[in-house]
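Residues per chain are reported as follows:
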Amino acid sequence: MSKYIFVTGGVVSSLGKGVSAASLGALLQSRGYTVHARKFDPYLNIDPGTMSPLQHGEVYVTNDGFETDLDLGYYERYLGIKLSRNDSVSGGRIYWDVLNAERRGDYLGNTVQMIPHVTNKIKEYIGAPTGTDFVICEIGGTVGDIEGKIFLESIRQFANDVGRRNVLFSHLTLAPYLEQSGELKTKPTQMSVRNLLENGIQADVLFVRSPRMLTDDERAKIGMFCNLPAKNVITSMNVDNIYKIPLVYDAQHVFDIMAEHFGLPNAAGDMSKIQKIEHHLNADLPTCTIGMVGKYFDIADAYKSLNEALFHAGIQNNVHVKIKKINAETVSPEDFTDVDGILVPGGFGTRGIEGKIMAARYARENNIPYMGICLGMQVAVIEFMRDVVGDENANSTEFAKNCTPVIDIMSDCDKEDMGGTLRLGAYPCNIKPGTLAEKIYGATNISERHRHRYEVNIKYKDALEKAGMIISGISPDGKLPEMIEIPSHKFFVAGQFHPEFQSSPFSGHPMFNAFIAAAKKK
Ligand code: GLN
C-alpha cells in the first residue's frame with residue numbers, strides 16, 4: 001500500500017505548494033522511493049482548459065490529453081514521472097461525477113449528501129492505486145476557503161481510513177517580516193494551523209515561507225502553539241530559483257521527519273542531480289538572449305513550461321538563457337537587434353498575429369535561429385506562403401475567412417478523437433530521414449503533446465516544399481504536418497506540438513537543446 005502526503009497551504013495563496021510538494025517528492029526519490037503526485041483544486045471549473053492563462057497561469061497538458069493546472073508540470077519535471085487525467089481533479093469535476101451518478105440512479109434512491117457521497121468521490125480519486133511507495137496530494141487554495149472545506153474533510157477521513165501513520169499532513173504558511181520592528185511574525189501561521197485543526201487535521205510538519213531562516217526560538221514558539229516539536233518547523237526560505245528548494249529542505253533534515261513519521265530507515269540522499277542545477281545557476285557563463293514574441297506576459301506563470309524548457313536547454317549548453325519578452329502587438333524589427341534566437345510560442349486568437357508573422361519573417365530573412373511552437377509553426381508557414389511562395393492572401397482560417405487557407409481545421413480529422421474541438425495530448429509523429437529534425441531527435445518516430453485546433457493544410461505541402469520549406473515531421477497517416485524546417489537557413493525549426501511539456505531539468509528537450517545550441521553559436 002502507498003503512503004500519503006497531503007500538502008495544504010494557509011495565510012495567503014501562491015506560496016508555492018506545488019514546488020513544496022514536488023520537493024518532498026524529490027527528497028523521497030533521492031532515497032530510492034517511488035513517488036506519484038496529484039493535485040486537487042477545489043474550484044468549480046470542471047477542468048482548467050477554459051481558464052485564462054492571464055488569471056491562472058499556463059494550461060498544462062498531460063500525455064492522455066487532459067488540460068491541467070500548471071502544478072502538474074512541476075511534478076512531471078521535478079520527479080520525472082508521467083501523470084494523467086485522474087491526477088488533476090477539481091471540485092467541479094467531483095460534483096459533476098456525483099450529480100451524473102445521481103441522474104443515473106447509482107445512489108438507489110438515497111439522499112445524496114456532501115458526506116458521504118462527495119467525500120467518497122474525493123477519496124476515490126485520492127486512493128486510486130498508483131503502485132508507488134508514496135502519493136503526494138496537493139490541495140489547491142488556502143485553508144479557510146469555502147470550496148476547500150469538503151476536501152479537508154475528505155483527507156481527514158482518508159487518514160482515518162488508512163491509518164494515521166500512513167498519512168503525513170504538511171502545511172505551508174507565511175511568516176511576514178515587519179521591517180520597522182525587525183520582527184518575523186508567527187501569529188498568521190498559528191492561526192492557519194488552528195484553522196486546519198478546526199477541520200480535524202493536525203499538521204505534522206510546517207513549512208514557513210520567510211525571507212530569512214527562523215531562529216530556534218521562533219521554531220520553538222511556533223511548535224508550542226501548533227502541537228509540534230520545534231524540529232518539524234521548517235523554514236522555506238525565499239530563493240531565487242525553485243530548484244534550490246529541495247536542497248533547502250534537505251539541509252533542514254526534512255527526510256528524517258518523514259522517515260520518523262512513516263517508520264522508514266534513516267538514509268542520506270543522493271542530491272547530485274539537483275546540485276548540478278544549483279551549480280549551473282551559480283556558474284559564471286556566457287548569456288544567450290532569446291526574443292520571445294508573445295502576448296501573455298502580464299503574469300509570470302503564463303509561459304511556465306516554456307521558460308523552464310529554455311532554462312533546461314541552457315543547462316545542457318552551458319549558457320545562461322535570458323528571455324527577452326517582446327509584445328507581439330507592438331513588436332518592431334529593432335526589438336531583434338540584441339537577440340541570439342527568436343521564439344514564437346503557442347497562442348490563441350487574432351491579437352498580435354501580424355507581429356508574430358513579422359518575427360518569423362525577420363528570423364528567416366536575417367538567418368537568426370528560429371523556433372516555432374504550435375502557433376509559432378503556423379505563423380512561420382503563413383509567412384513563407386506569403387513571401388516566398390508568393391500568395392499574399394495566405395492565412396489561417398482562425399484569423400481570416402476569405403484567405404488561402406494554408407492553416408485550417410482539417411475536416412477529415414476524427415473530431416471525437418480531438419476532445420470535442422482541440423487536438424489534445426500525445427500523438428505520434430514520423431520524422432523524415434535526413435532532415436534537421438532527425439538530427440535533433442536522433443529518431444524517426446517521436447511522440448509530442450498537442451493543444452490546438454488548426455493544422456497546416458497538407459494541400460499546400462508541394463508548394464511549400466518546392467519553395468524551400470520542408471515538412472520534416474508528419475502524422476503516421478500522412479495527413480497532418482507536425483514539423484517544418486528551412487534547410488537553407490541556419491536553424492529554422494517549428495513543431496505543431498508543445499515540446500516544452502516534455503522538457504526535463506536533468507536532460508532538457510532535444511528541440512530546445514538544439515535551438516539554444518544554435519543561438520549560442522550565433
Ligand atoms: N490557435 C492555434 C490553434 O488553435 C494555435 C494554438 C496553440 O498555439 N496552442 O491551432
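Residues numbered from 1 in each chain as written. Predicted model: local features only at pLDDT ≥ 70, side-chain atom pairs only at ≥ 80, totals over all residues. Heavy atoms only, no water.

Here we look at the sheet that holds strand β20 (residues 455-456)
Applied cut-off: Here a strand pair is declared whenever DSSP counts at least two bridges between the two strands. Helix and strand assignments come from DSSP, with helices taken as H or I runs of at least 4 residues and strands as E runs of at least 2, each series counted from the N terminus.
Sheet architecture is open: three strands sit in the order β16-β17-β20, paired in mixed fashion. Single-partner strands in this sheet number two, and they are β16 (394-396) and β20. Note: strand β17 (residues 404-408) against β20, two bridges, orientation antiparallel. Among the inter-strand pairings, I407 is bridged to a residue of β20, identified as V456.

Considerations on the pattern of salt bridges
Worth spelling out the cut-off: In what follows, salt bridge is the name for a side-chain nitrogen of Lys or Arg lying within 4 Å of a carboxyl oxygen of Asp or Glu. Classification of residues uses two cut-offs on accessible area relative to the type maximum, computed with a 1.4 Å probe and protein chains only: under 20% is buried, over 50% is exposed, and between them is partly exposed.
Scanning the entire structure with this criterion turns up 31 salt bridges. In this structure, D250 engages R31 in a salt bridge whose closest nitrogen and oxygen atoms are separated by 3.0 Å. Pair noted here: D250 is in helix α9 (residues 245-251) and R31 is in the loop between α1 (17-30) and β2 (35-41), with a separation of 219 residues, a long-range link. Salt-bridge contacts for R85 lead to D64; the nearest nitrogen and oxygen are separated by 3.5 Å. Linking R85 in the loop between α3 (71-79) and β5 (88-90) with D64 in the loop between β3 (60-61) and β4 (67-68), this pair joins segments that are 21 residues apart in sequence. Taking relative accessible area as the criterion, R85 reaches 35% and is therefore assigned partly exposed. For D64, a relative accessible area of 32% puts it in the partly exposed group. Taken together, the shared-partner salt bridges connect K39, D41, D69, D71 and E138 into one network.

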